[in-house]
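So the chains spell out like this:
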Amino acid sequence: MNKDEIIQQKYIQKAKAYVEEYKKLIGHEPSSCVVTFGCQMNARDSEKLCGILEKAGFILTDDENADLVVYNTCTVRDNANQRVYGRLGFLHSMKKKNPNKKIVLCGCMTQEESVVQKIRESYGFVDLVFGTHNIFKFAELLCDMFSSDEMVVDIWEDTDKIVEELPTKRKFSYKSGINIMFGCNNFCTYCIVPYVRGRERSREPEDIVNEIEKLSKDGVKEIMLLGQNVNSYGKNLDRDVTFADLLRMVEKIDGIERIRFMTSHPKDLSDELIEVMKDSEKICRHLHLPLQSGSDRILKAMNRRYTKESYIDLALRIRKEIPDIAITTDIIVGFPGETDEDVDDTIDVVRRVKFDNAFTFIYSKRTGTPAASMEQVDEQTVKRNFDRLLRVVQETAREAVSKYEGQVMDALCEDVNEHDPALLNGRLSNNTIVHFPGSPDLIGSIVPVRLTECHGFYYIGELCRK
Ligand code: SAH
Ligand code: SF4
Ligand code: F3S
């Protein structure tokens, strides 16, 4: 353990004493609820928060009536922020009925100065605010919160620290995300992530492998390696290690049956990675390869550092090498200066690559990013182009997903279907969801399923023996 880890272990013990006192005050076992907004990185951070809360003596629940509620926020688009403000209002009304309720705000939103100012001014009922860089000291911050009558705010501008060995509480028994790197150095001109997550830092491969070995011993079958741009993994380490090298190491770990990763930046995707994926028994047949735009002019203004044709070449090369792979993407509509012709280019890429799924976003202006000061596109044009793109995306995705109808594929049983408890939700290697009749004790196992009927983006299937 390093110095920070030892200190934080001590704070967990100290927090436990505070939670004991809190229990006496409220007269029952204290409960806590962590709500995640945003991406898989945030979801993984929430598991760390839950681990610390549990060790400190809180019962974990999904109910926001809990004694302590943490909002782990996202700020990638403005609607993410608005959702948080709306729900804070709702927490406030709960706190009026239960003044001992504790409200904690953390994550990407709080890394923005203007947000913290707004919280101080208009959301004085919040008890603790911290950011993305100091999440490792959550136990210490809980102690500060319990010993203070005022809002505790602790935000770091950046960090070079990587704190390992803290408790985590996984949401799923059979699958887990693993951070392989933090931060981002790409500065796409629309994106706020580099400002709120700091500079790129890779974890040492041994630390990653050790963590996955432990997870495997604990019953985890599927792992997802997490980073804003996993293809640049290792670049800031002292030794020569690439993402493809890391995958080879992870592939050797017994008990892990499926390996996924998020996200791949097209500019850094190496031939070596395609080779490793092609030869692997464990790496899932799914690649998320964000396109953002199909127009060279817009890609340049976005600072994406690839062109329409180089993207198409790459995607088609991957499809040729790994024919059963699903390629999914992210697309932004309405980036400053975007014309109908630019969107035509994007649609052309969608038709040629035939994405298995595409997440389409309306451009959201983020204060402090270079694109915020560029000339914005009017709302009507954006809306019209968004609808035009979405129609093509849905058409091609339906076609791509349905091509496996009638086949038998392995599915990892994830949970019971929320609409029909007789059905299980399973996930195929290519990330498509299949619903099929099955008993809940199959959850966590990988079973063969016949894909009987394609319903657009998912399948209805039946369990079968191969
Ligand atoms: N690191 C990942 C993406 C992280 S953000 C990558 O580079 O692919 C997830 C997605 O949100 C992005 O791919 C992008 O499509 C979208 N996004 C980011 N900033 C946005 C903004 N200002 N407005 C709209 N969408 C945005
Ligand atoms: Fe944002 Fe670009 Fe970094 Fe992705 S690669 S997080 S889009 S700056
Ligand atoms: Fe959102 Fe932060 Fe992830 S801004 S998308 S939660 S890195």
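Look up: the structure comes first, before these words.
Before going into details, it helps to say that this report is about the structure given with it.

Calculation criteria
Residues numbered from 1 in each chain as written. Chains lettered and ligands numbered in written order. Predicted model: local features only at pLDDT ≥ 70, side-chain atom pairs only at ≥ 80, totals over all residues. Heavy atoms only, no water. Helix = DSSP H or I, 4+ residues; strand = E, 2+ residues; numbered from the N terminus. Rg over C-alpha atoms; globule rule 2.2 N^0.38 Å. Buried < 20%, exposed > 50% of the residue type's maximum accessible area, 1.4 Å probe, protein only. Contact = heavy atoms within 4.5 Å. Areas by Shrake-Rupley, 256 points an atom, 1.4 Å probe, with all protein chains shown as cover. Lys, Arg positive; Asp, Glu negative; His and termini not counted. Charge placed at Lys NZ, Arg CZ, Asp CG, Glu CD. Near = heavy atom within 4 Å. Nonpolar A, V, L, I, M, F, W, Y, C, P; charged D, E, K, R; others polar. Pairing = 2+ DSSP bridges. Axes fitted to C-alpha atoms, helices over the stretch in contact; angles between N-to-C directions. Disulfide = S-S within 2.5 Å. Patch = residues over 30% accessible without salt bridge, like charges linked within 9 Å, V, L, I, M, F, W, Y side chains within 5 Å. Salt bridge = Lys/Arg side-chain N within 4 Å of Asp/Glu carboxyl O. Expected span 1.5 Å × (residues − 1).

A word on the overall build of the protein chain. Summing up its helical and strand segments, the protein chain has 13 helices and 19 strands in all. For the protein chain, the C-alpha radius of gyration of 23 Å lies close to 23 Å, the compact-globule estimate for 466 residues. By its C-alpha atoms, the protein chain is 65 × 55 × 50 Å across when sized along the principal axes. Looking at the 466 residues of the protein chain, the share that counts as buried comes to 56%. Sequence-distant contacts in the protein chain: of pairs separated by 6 or more residues, those separated by 24 or more amount to 74%. If you sum the accessible surface of the protein chain, you get close to 20,900 Å²; carbon and sulfur atoms cover 49% of it. Side-chain charges of the protein chain comprise 65 positive and 76 negative groups, with the mean position of each set lying 1 Å from the other.

Quick look at the site of ligand 1 now. As a matter of local geometry, ligand 1 sits amid 15 residues, with Gln228, Pro290, Gln292, Asp330 and Ser364 nearest to it. Relative to its free-state accessible area of 540 Å², ligand 1 is covered by the protein chains to the extent of 89%. Breaking the shell around ligand 1 down by element, the ones donating at least two residues are strand S13 (326–333) and strand S14 (357–362). The class makeup of the residues in the shell around ligand 1 is seven nonpolar, four polar and four charged.

Let us look at the sheet that holds S13. Strands sit in the order S12-S13-S14 across an open sheet of three strands; the sheet is parallel. In this open sheet, the two edge strands, each paired with only one partner strand, are strand S12 (286–288) and S14. Ignoring which end each strand starts from, the neighbouring axes of this sheet average 15° apart. Sheet topology places S12 next to S13; three bridges connect them, and they run parallel. The partner of His288 across the bridge, within S13, is Thr328. Sitting on the sheet, helix H13 (residues 379–402) touches S13 and S14, and the angle it makes with S14 is about 170°.

In total, this model carries zero disulfides according to the counting rule given. No disulfide involves Cys284; its sulfur sits 14 Å from that of Cys413, the nearest cysteine.

Taken together, the side chains of Glu113, Glu157, Asp158 and Asp160 make up a negatively charged region of the molecular surface. As for its placement among the helices and strands, Glu113 is situated in helix H4 (residues 113–122).

The next thing to look at is helix H3 (residues 78–97). The end-to-end C-alpha separation of H3 is 30 Å, in line with the 28 Å expected for 20 residues at 1.5 Å each. Among all positions in H3, only Ala80, Asn81, Val84, Tyr85, Leu88, Leu91, Met94 and Lys95 are buried. On its buried side, H3 packs onto strand S3 (68–73), strand S4 (102–107) and H4.

What the five strands build is a closed barrel, ordered S15-S16-S17-S19-S18; its pairing is mixed. Going across the sheet, the axis of each strand differs from the next one's by a mean of 50°, ignoring polarity. As paired elements, strand S18 (residues 446–455) and strand S19 (residues 458–463) share six bridges and run antiparallel to each other. Bridge assignment links Cys454 to a residue of S19, and that residue is Tyr459.

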